[in-house]
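# Analysis of the macromolecular model
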Amino acid sequence: MSVITLRNINKSFGAFNAVSDFDLETEDGEFIVLVGPSGCGKTTTMRMIAGLEDATSGEMLIDGVDVSDQSPSERDVAMVFQNYALYPHLSVYDNLAFCLKVRGWKADKIDAQVRKTASALGIEPLLERKPAALSGGQRQRVALGRAIVREPRVFLMDEPLSNLDAKLRIGMRAEIVKLCRRLRITTFYVTHDQLEALTMGHRIVVMRDGVAQQIDTPQVIYDAPINCFVAGFIGSPPMNFLEASVSSDGMLTGEYFSLVPRGEIAQAVREHGGKVIAGVRPEHLIPADDAKEGEGMFTGQIEIIESLGSQVMIQVMVGDILMTAQFERRPDLKLGDTITLKHQPGTVHAFDPQTERSLVAPTGNSVGKMGEAA
C-alpha cells in the first residue's frame, strides 16, 4: 500500500506538450482511473509513474520518497498491458513465477506465492497450460496474476480489458475492482471507456490535451462537471448542449425550448445573465404527458428510435436542434411523430459561453478526495 504524489508533472516531446502541470495525491489503496480521448496524455502519465518515461519537469513521490530518478524496478510498481505480454513458451505457472525467480526467491516460497495468487484469481486449473491454450479472459487473469504475485506497491493498468468482448469485459471489470480493494494496493487504471471509469474508480481523472480537466469521485463528476468537455465526455449518451438566454425570471430560453434551473444553478444563472450554454442529459428528459405550465419543455419530431431493451433512446429535431432523450420503453413511439419532452427537476447545467466552465464550478480544477465530494 502506497501514497503516490505527482507535483506539477510536465512531459514534452520536442515542441509537443503531452502532459502539462499534472498534480495529484492519492490515498493509500486508492483506485484512480485516468480517462479521456485518444492522445489526451493518460498513457504517458502512467508510463511516467512506471518509470518507462522521464518527466520533463516536476516531482514524483512514492510514500514521500522522490522516485523521479529511480528505474522501474526500483519503484516496485507492476504494470498490466493491453496485449497481456505473456511469455508464449512458458506455462501459466512459469509466467507467474518468472519475476520471483529473477528476484532470487527460494523455490518453496515461489511455489507458495504462485499458488496463492492463482487461487485468488481462480486460475489454479490452468497452471500447466501455455498462453496459446487460454481464452482472452483467462490470459487477462494470468496477466493480472503476474502483476500481483510479487505484491508490488503500485498497480498500473493500461486499458487491460480492451481486447475482451463486451460480456467478458463487464465480468473482468468487477473482478479487478474486487481484487484491488481486497489487496488494498494503490492502482492507476487507464481507459478511454467512460463507463469503465464511472463504475471502477474511487476517483476519476478526466484528461484532455495533456491537461487534467477534473479530478473527483465518479458521482461528483457526473452530477457537477467542471466544464463542457467533462459534461459531454462523461455520460452515455452525451449531454445535450443548447445556446440559451437568461430571461428576467431566471429561465433559460431559446427559440424552441425553455429550461428551469434550480438551486445554486438558478442563482448562478441570474447573477450571470445574458447568454449561457445550457446542458441537460438525455436520461433526464422524459415525455411530457403530464407537463405543467412553467416546466422546461421541448417539442419536436422524432428522427431516430433505438431500442435498448427496457429503455428507448430517441433523437428529436426541435426546430434546428437535434436533441437526444433516453427513458423507459414506450411502444407507442413512431418515427415522424411529434413529441413533447420535459426535463426532470434540478437536472439543468449552465456553462459560460466564453470559458465553457460551469457557472457553479470552483476556481481551478476540482480535486476531491476518495469517498467525499470536492
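Look a little higher up for the structure.
Quick look at the structure, then.

Cut-off values and rules
Residues numbered from 1 in each chain as written. Predicted model: local features only at pLDDT ≥ 70, side-chain atom pairs only at ≥ 80, totals over all residues. Heavy atoms only, no water. Buried < 20%, exposed > 50% of the residue type's maximum accessible area, 1.4 Å probe, protein only. Helix = DSSP H or I, 4+ residues; strand = E, 2+ residues; numbered from the N terminus. Pairing = 2+ DSSP bridges. Axes fitted to C-alpha atoms, helices over the stretch in contact; angles between N-to-C directions. Contact = heavy atoms within 4.5 Å. Core = buried A, V, L, I, M, F, W, Y, C linked by side-chain atoms within 4.5 Å.

### Considering the pairing of strand β14 (residues 275–280)
- Taken across its six residues, β14 has five buried, putting it largely inside the fold.
- Across six bridges, strand β11 (residues 240–246) lies against β14 in antiparallel orientation. Bridge pairing in β14 places Glu-243 opposite Ile-277.
- Pairing geometry for β14 and strand β20 (residues 349–351), over three bridges, is antiparallel. By the bridge assignment for β20, Ala-278 is matched with Ala-350.

### Describing the sheet that holds strand β3 (residues 31–35)
- Taken together, the six strands give an open sheet; going across it, the order is β6-β7-β8-β3-β9-β10, and neighbouring strands pair in mixed fashion. Edge strands, defined here as strands with exactly one partner in the open sheet, are β6 (77–80) and β10 (211–216). The sheet shows a mean angle of 15° between the axes of neighbouring strands, direction not considered.
- Here strand β7 (residues 154–158) runs beside strand β8 (residues 186–191); their pairing, made up of five bridges, is parallel. What sits directly across from Phe-155, in β8, is Thr-187.
- The sheet strands contacting helix α5 (residues 136–148) are β6 and β7, and the helix crosses β6 at an angle near 170°.
- Sheet strands touched by helix α6 (residues 166–183): β3, β7 and β8. Its angle to β7, the strand with the most contacts, is close to 165°.

### Brief notes about the nonpolar core
- Counting 48 residues, the largest nonpolar core has Val-114 and Ile-176 as the members making the most contacts within it.
- Among the elements that make up this core, the one with the highest residue count is helix α3 (residues 92–102) (six residues).
- Not counting residues within four places of it along the chain, the set of residues in contact with Ile-176 comprises Phe-31, Leu-144, Met-157, Pro-160, Leu-161, Tyr-189 and Met-200.
- One finds Leu-24, Val-67, Val-154 and Ala-212 within the second-largest nonpolar core, a separate group that totals 27 residues.

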